[in-house]
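Structural overview
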Amino acid sequence: MQKVLISAKCKAKSKKILKDSKYTYGDALDFFAKVITNSSTRLQAEIKFTTSEIEDLKRKQERINIEIVAKENYLENLLEEWNSNRGTYKKDIEENKQLTESINAIKQIAAKFKCDPQDINNFTGSDTISFHARKCGLSKFEFEELITSHEGQ
C-alpha cells in the first residue's frame, strides 16, 4: 500500500506520547482513521475524549477557585489594614483638602487681579505662592506644578 506525506499539528503531550511509544506518527493516524470509521469504536473514543476534556476543565476550575480564595484573603487583609489605618487616611484627606483650598485661593486671587495664577506675586506684593506651598507642606516648585495642572478645572 502506498503511503502519502501529510503534516499536522497536535498537542505537545500527544507528540511526547507517540515519540516515547514504539509507533510512528503514521501508525497513530492510521489507527485513528480506523477508529473513526467504526461507529462503535468512534463513539467510545469520543466518550473518552470528552471525559478527558471535562476532567481538564474541572482541574482548571479548581485552580480558579484556589485563586479566588487567595484574592479574597488578600482583599480581607487590605480591608483590615484600611480599617486599622483610617486615622492616617483621614489625615491624608485633610491634607488634600488643605491643598485644594490653597489652590482655589490662588485661583480666586488670580481671577480678582485678572492674571495668570503663576503671576499673582507680582500683584499681591508678597510671596503668596510660597506661603500656600509652606502651608501645604510642599516646595514652591511642587505647588506651582500643582497649580499649573489644576488650571482650567
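Provided above is the structure to which this section pertains.
In this text, all values refer to a predicted model and were calculated from it rather than measured experimentally. (Residues numbered from 1 in each chain as written. Predicted model: local features only at pLDDT ≥ 70, side-chain atom pairs only at ≥ 80, totals over all residues. Heavy atoms only, no water.)

The subject of this paragraph is the overall build of the protein chain. If you tally the helices and strands in the protein chain, you get seven helices and zero strands. Scanning the protein chain from its N terminus toward the C terminus, one meets helices and strands in the order α-α-α-α-α-α-α. Against the 2.2 N^0.38 benchmark of 15 Å for 153 residues, the protein chain shows a C-alpha radius of gyration of 36 Å, more extended than a compact globule. Its C-alpha atoms give the protein chain principal-axis dimensions of about 105 × 40 × 30 Å. By the burial criterion, 11% of the 153 residues in the protein chain qualify as buried. Within the protein chain, residue pairs in contact and separated by at least 24 positions form 38% of the contacts whose partners lie at least 6 positions apart. Side-chain charges of the protein chain comprise 26 positive and 24 negative groups, with the mean position of each set lying 10 Å from the other. (Helix = DSSP H or I, 4+ residues; strand = E, 2+ residues; numbered from the N terminus. Rg over C-alpha atoms; globule rule 2.2 N^0.38 Å. Buried < 20%, exposed > 50% of the residue type's maximum accessible area, 1.4 Å probe, protein only. Contact = heavy atoms within 4.5 Å. Lys, Arg positive; Asp, Glu negative; His and termini not counted. Charge placed at Lys NZ, Arg CZ, Asp CG, Glu CD.)

A cluster of basic side chains, namely Lys-11, Lys-13, Lys-60 and Arg-63, defines a positive patch on the protein surface. Relative to the helices and strands, Lys-11 is located in the segment before helix 1 (12–20). Overall, Lys-11 belongs to the exposed group, its relative accessible area being 56%. (Patch = residues over 30% accessible without salt bridge, like charges linked within 9 Å, V, L, I, M, F, W, Y side chains within 5 Å. Areas by Shrake-Rupley, 256 points an atom, 1.4 Å probe, with all protein chains shown as cover. Salt bridge = Lys/Arg side-chain N within 4 Å of Asp/Glu carboxyl O.)

A word on the pattern of salt bridges. The final tally for this structure, using the stated rule, is four salt bridges. Residue Arg-59 is joined to Asp-56 by a salt bridge in which the shortest nitrogen-to-oxygen separation is 2.2 Å. Note that Arg-59 and Asp-56 are positioned in helix 3 (residues 39–84) at a spacing of three residues, about one turn of the helix. Asp-56 gets classed as partly exposed once you look at its relative accessible area, which sits at 30%. Across the pair Lys-140 and Asp-127 runs a salt bridge whose closest N-O atoms are separated by 3.6 Å.

Residues Tyr-74, Leu-75, Leu-78 and Leu-79 make up a contiguous nonpolar surface patch of about 400 Å² in total accessible area. Note on placement: Leu-78 falls in helix 3.

Counting ten residues, the largest nonpolar core is built from Leu-99, Ile-103, Ile-106, Ala-110, Cys-115, Ile-120, Ile-129, Ala-133, Phe-143 and Ile-147. For this core, the elements supplying multiple residues, two or more each, are helix 4 (86–113), helix 6 (128–135) and helix 7 (140–150). Among the elements that take part in this core, helix 4 stands out by supplying four residues, more than any other. (Core = buried A, V, L, I, M, F, W, Y, C linked by side-chain atoms within 4.5 Å.)

Mapping Thr-50 onto the fold places it in helix 3. Separated by 14 residues in sequence, Thr-50 and Ile-64 place their C-alpha atoms 21 Å apart. Of note is the side chain of Thr-50, whose polar atom sits 2.8 Å from the backbone oxygen of Glu-46. (Polar contact = N/O pair within 3.5 Å; in protein donor to acceptor, adjacent residues only side chain to side chain.)

The next point concerns the environment of Ala-110. With respect to the helices and strands, the residue Ala-110 is situated in helix 4. In this structure, the C-alpha to C-alpha distance between Ala-110 and Phe-143, residues 33 residues apart in sequence, is 15 Å. Beyond its immediate chain neighbours, meaning those up to four positions away, Ala-110 contacts Cys-115, Asp-116, Pro-117 and Ile-120.

Right, let's talk about the side chain of Thr-128 for a bit. One can find Thr-128 in helix 6. Taking relative accessible area as the criterion, Thr-128 reaches 10% and is therefore assigned buried. With residues near it in sequence (within four places) discarded, Thr-128 still touches Ile-106, Ile-109, Ile-120 and Asn-121.

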